[in-house]
Amino acid sequence: MIADDVQDLLEALAASVGRGMSVDDLEGRVVAHSAHHGEVDQVRAHAILSRSVPAAVGAWQEKHGVASTREPVRVPENPSLGMAARLCVPLLHQGRRVGYLWIIEGPGPLNPQEQGRAVRDAAAIAALLDDGGSSHTLSLLLTGEIGVRRAAGVLGEGPLRVLALRGDPAFLREAVGVELARTRRPPAFTILDRHAVLLLNRGEDVTALGERLAARTRTGAGVSAPHPGLESAVRAHEEALTAARAAAAEPALRPVAHWPDLGVYRLLAEPVAATPGTPGTLGGPLDALREHPALLVTLETYLDSGGDAQETARLLHLHRTSLYYRLTRIEQLADRNLKNGTHRLELHLALKLGRWNAV
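The structure presented is a predicted model; accordingly, all values stated were derived computationally and were not measured.

(A) How the structure looks around the pattern of salt bridges. Going through the model one piece at a time under the given rule, you end up with 12 salt bridges. Glu179 is the salt-bridge partner of Arg212, the closest N and O atoms lying 2.8 Å from each other. Of this pair, Arg212 sits in helix 8 (residues 206-217) while Glu179 sits in helix 7 (residues 169-180), placing them 33 residues apart in sequence. A relative accessible area of 36% places Arg212 in the partly exposed class. The salt bridge partner of Arg314 is Glu311, with a shortest N-O separation of 2.7 Å. Residue Arg314 and its partner Glu311 are both found in helix 12 (residues 309-316); the two are separated by three residues, about one turn of the helix. The class of Glu311 is partly exposed, set by a relative accessible area of 28%. The network of salt bridges with shared partners includes Glu179, Arg212 and Arg216.

Next comes the structure, spelled out in structure tokens:
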């Protein structure tokens, strides 16, 4: 098991350099600690017993650059905290920070050979923690059990999309795992609620990856819209799940359904916001019509009339030329074609959902 391998590495390193040490996660929780070697200060004793680090100790450590360093950094003693001098070695794997290795140096620092071994072993520990660590972190982020700050140290930051596939969890785990094993830096991947979920934030070709995974799993893939960062990962996850469901329901959307292109299926998943005095509108094709009540009324009358322009003009007391101008303007603002049956259904459903949700 990963935890046992981390513990074995830590014990071997501690015995080699004759110092007590521990491995903390990004939130300061103790993941593993060695047997005592040399000095045992109050902070180490407290951390072992409580599996955590007091806030004042964390602040002292951060004051010396621990949170941002990519190289070993020394944190001086602090008698008021009961803390001896320490060497902090950041645990980095494939550019991601996954935790910290703490070594109590006490009266004297490690020599260059000892520090060199600590850095090498820290890299091995980081790789072990990240093997499955990104999967666990992604699950915790999407279920709300950890915050963005902690997740960013493992999952990275920047623009992202989420890709999802539906199916049997065991089959998905094996099939997706085989495909990702072919990539040099596979994305974070986890299984949640009978879906394989991938966080794509490293410039992946989303459509190509989705097509390969869909072929391997024999199901449709769903992809979210682009999002600016982890703070909207939960929203991206919801979009990807809806897109995967739409791909399962509508063969025309396979092999890869993209959230922005779901049409009517997107309406079924999104909440409707009502605009006073008009039918409710949706975060989608009708957004651009919010400021044009007359166009909304024209559109609804036209769709209610089955696309009969003559009847629509009669009901609205409009000249046919004025009606056609309005319909052209609606198509431009909504970016939809009223001659397309799927587009008409999407717009009509959006209008009726708006009325439904406004009462």
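(B) How the structure looks around the nonpolar core. In this structure, Met21, Leu91, Leu101, Leu155, Leu199 and Leu230 are the most contacted members of the largest nonpolar core, which totals 53 residues. In terms of residue count, the dominant contributor to this core is helix 4 (residues 112-130) (six residues). Contacts of Met21, omitting those with residues within four sequence positions, involve Leu10, Leu13, Ala14, His33, Ser34, Arg44, Leu101, Trp102 and Ile103. Counting residues in each nonpolar core, the second largest holds 19 residues, with Leu296, Leu303, Leu327 and Leu351 among its members.

(C) How the structure looks around the environment of Thr328. Mapped onto the secondary structure, Thr328 falls in helix 13 (residues 320-334). Here the alpha-carbon distance between Thr328 and Leu338, two residues 10 residues apart in the chain, equals 8.9 Å. Engagement of the side chain of Thr328 in a polar contact is seen with the backbone oxygen of Tyr324, the distance being 2.9 Å.

(D) Local environment of empty space enclosed by the protein. Using the criterion set out here, one finds one cavity of 30 Å³ or more in the structure. By volume, the largest cavity is sized at about 140 Å³. Taken together, 15 residues form the lining of the largest cavity, with Ser22, Arg44, Ala47, Arg86 and Trp102 sitting closest to its centre. Looking at the lining of the largest cavity, the elements that each hand over two or more residues are strand 1 (21-24), helix 2 (42-50) and strand 5 (96-104). No other element matches the four residues that helix 2 contributes to the lining of the largest cavity.

(E) Structural view of the side chain of Arg86. Structurally, Arg86 is set in strand 4 (residues 86-93). Among the polar contacts listed, one links the side chain of Arg86 to the backbone oxygen of Ala84, at a separation of 3.1 Å.

(F) The arrangement of the pairing of strand 2 (residues 30-33) in detail. Pairing analysis gives three bridges linking strand 1 to strand 2, with the strands arranged antiparallel. By the bridge assignment for strand 2, Asp24 is matched with Val30. The turn joining strand 1 and strand 2, which pair antiparallel and follow one another in sequence, is formed by five residues; a positive phi near 85 degrees is taken by Gly28.

(G) Region of the structure containing the side chain of Glu179. Given a relative accessible area of 2%, Glu179 falls into the buried group. Polar side-chain contacts of Glu179 include one of 3.1 Å to the side chain of Arg216. The residues contacting Glu179, other than those within four sequence positions of it, are Arg212, Leu213 and Arg216.

Scoring rules and cut-offs
- Residues numbered from 1 in each chain as written.
- Predicted model: local features only at pLDDT ≥ 70, side-chain atom pairs only at ≥ 80, totals over all residues.
- Heavy atoms only, no water.
- Salt bridge = Lys/Arg side-chain N within 4 Å of Asp/Glu carboxyl O.
- Helix = DSSP H or I, 4+ residues; strand = E, 2+ residues; numbered from the N terminus.
- Buried < 20%, exposed > 50% of the residue type's maximum accessible area, 1.4 Å probe, protein only.
- Core = buried A, V, L, I, M, F, W, Y, C linked by side-chain atoms within 4.5 Å.
- Contact = heavy atoms within 4.5 Å.
- Polar contact = N/O pair within 3.5 Å; in protein donor to acceptor, adjacent residues only side chain to side chain.
- 1 Å grid on protein atoms, 1.4 Å probe; cavity = no way out; pocket = protein on both sides within 12 Å on 5 of 7 lines; lining within 4 Å.
- Points joined across faces, edges and corners; volume = space filled by probe spheres on them.
- Pairing = 2+ DSSP bridges.

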